[in-house]
Each structure stands twice: as C-alpha cells, then as structure tokens.
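# Close look at the chain arrangement
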Amino acid sequence: MKYRIGQGYDVHQLEEGRDFWLGGIKISHTHGAKGHSDADVVCHVLCDALLGAANMRNIGYHFSDKDPQWKGVDSKLLLAKVMEMIREKGYEVGNVDVTVVLQEPKLNPHIPTMKECLSKVMAIDIEDISIKATTSEHLGFVGKKEGIAAHCVALIYKQ
Ligand SMILES: [Zn+2]
C-alpha cells in the first residue's frame, strides 16, 4: 500500500449580501464569500489537499479563475472532477480533515449537513470526512469579519 499526504489552504473575502456557500451547502448569513466561482473555501481546500497529495498541482492550475467556463461554478463540481482525476491515477481517499477559520456565524450546527453533502460529492464514507470550525479570536482579517480561511489535510492511498 502506498500512502500520500497533501495539504490545502484558501482564503476568500466576505462581502455583504452575497450567497454564502460552504462545504457544499448554502448558509444563511448577512455576508457571503467572494470569488470567481461560488467561493466555497471548504471545497477549494479539499481540492488543493487532494491534488497536492497526488502531486497534481492545485485548483487554480486546473480550473483557472481567468476561464469564463468556471465563473460562478458550483465548487462541488470542481471537487467531483478532482476526485475523478485522483481516481484515474489509482488513488482512493483515506480521510480528509478540514479546519475553517471564521469569526461568525457559528458553523457547528451546519457541519453534519456539510459532511453528508461532501460524502456524496466525493463518494467516500462520511466517517472519513472531518470538518472543524474555529475563530481567530477577533484578530486579523478573519477577526474583523473581512474574510474566511480554511486549511485541510488529505490522506490518499493506492493498493
Ligand atoms: Zn478558493
């Protein structure tokens, strides 16, 4: 068995009145993340960690933010494509662990729904997806509610 590990990091600005997509679901909030796609940081860090683990560059390399075909795209579609790419190389996911850094709203009530949604998109067991949320204690751009950040590690393996 060959194991590989990958890491992902992403940041988006928050803007008033935008739809807030996170972990594949729409969260009701005054602000939403801004980006070329739907700006779902959880999907984006998952893509980057999985691509990194498979040594296949990053999300921007495969789905350029200059390419109009990805404008406003549902990031679940990008994540599904990344899963296809790593499976084509013979890899399967061991587990993924995501940390979202956000001042508000509280994400804990939404985490089970996100995990359920992502397990379908990635076609992996819900038990192999961990999502955690933390604040930045009112410090920096996250603390000032100007942005959202996320980190992820992913373990993949090949028989
Ligand atoms: Zn992103």
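Note that this is a predicted model, so its numbers are computed, not measured.

## A look at the overall build of the protein
Tallying secondary structure elements over the protein gives five helices and seven strands in all. Going from the N terminus to the C terminus, the protein shows its helices and strands as β-β-β-β-α-α-α-β-α-β-α-β. For the protein, whose C-alpha radius of gyration is 15 Å, the value lies close to the compact-globule estimate of 15 Å for 159 residues. In terms of overall dimensions, the protein has C-alpha extents of about 45 × 35 × 25 Å along its principal axes. Looking at the protein residue by residue over its 159 residues, the buried ones come to 46%.

## A look at the pairing of strand β1 (residues 2–16)
Of the pairings in the sheet, the one linking β1 to strand β7 (residues 147–158) comprises twelve bridges and is antiparallel in character. Bridge assignment links Arg4 to a residue of β7, and that residue is Ile156.

## A word on the pattern of salt bridges
The full count for this structure, using the stated rule, is nine salt bridges. Between Lys76 and Asp74 there is a salt bridge, and its shortest N-O distance comes to 3.3 Å. Glu116 is paired through a salt bridge with Lys120; the nearest N and O atoms lie 3.7 Å apart. With a gap of four residues between them, Glu116 and Lys120 both fall in helix α4 (residues 111–122), about one helical turn apart. Residue Glu116 is classed as partly exposed on the basis of its relative accessible area of 44%. Several salt bridges share partner residues, and in doing so they unite Glu15, Arg18 and Lys34 into one network.

## Re the pairing of strand β5 (residues 92–101)
Regular strands have side chains that alternate between both faces of the sheet. Relative to β7, β5 is paired through nine bridges, and the arrangement is antiparallel. From the neighbouring strand, Val93 faces β7, where its bridge partner is Ile156. Inspection of the sheet shows β5 paired to strand β6 (residues 129–134) by six bridges, in the parallel sense. Across the sheet, residue Asp97 finds its bridge partner in β6, namely Ser130. As for the winding sense of the linkage, the β-α-β connection from β5 through α4 to β6 is right-handed.

Rules of the game
Residues numbered from 1 in each chain as written. Predicted model: local features only at pLDDT ≥ 70, side-chain atom pairs only at ≥ 80, totals over all residues. Heavy atoms only, no water. Helix = DSSP H or I, 4+ residues; strand = E, 2+ residues; numbered from the N terminus. Rg over C-alpha atoms; globule rule 2.2 N^0.38 Å. Buried < 20%, exposed > 50% of the residue type's maximum accessible area, 1.4 Å probe, protein only. Pairing = 2+ DSSP bridges. Salt bridge = Lys/Arg side-chain N within 4 Å of Asp/Glu carboxyl O. Right-handed = clockwise from strand over helix to strand, strands pointing away.

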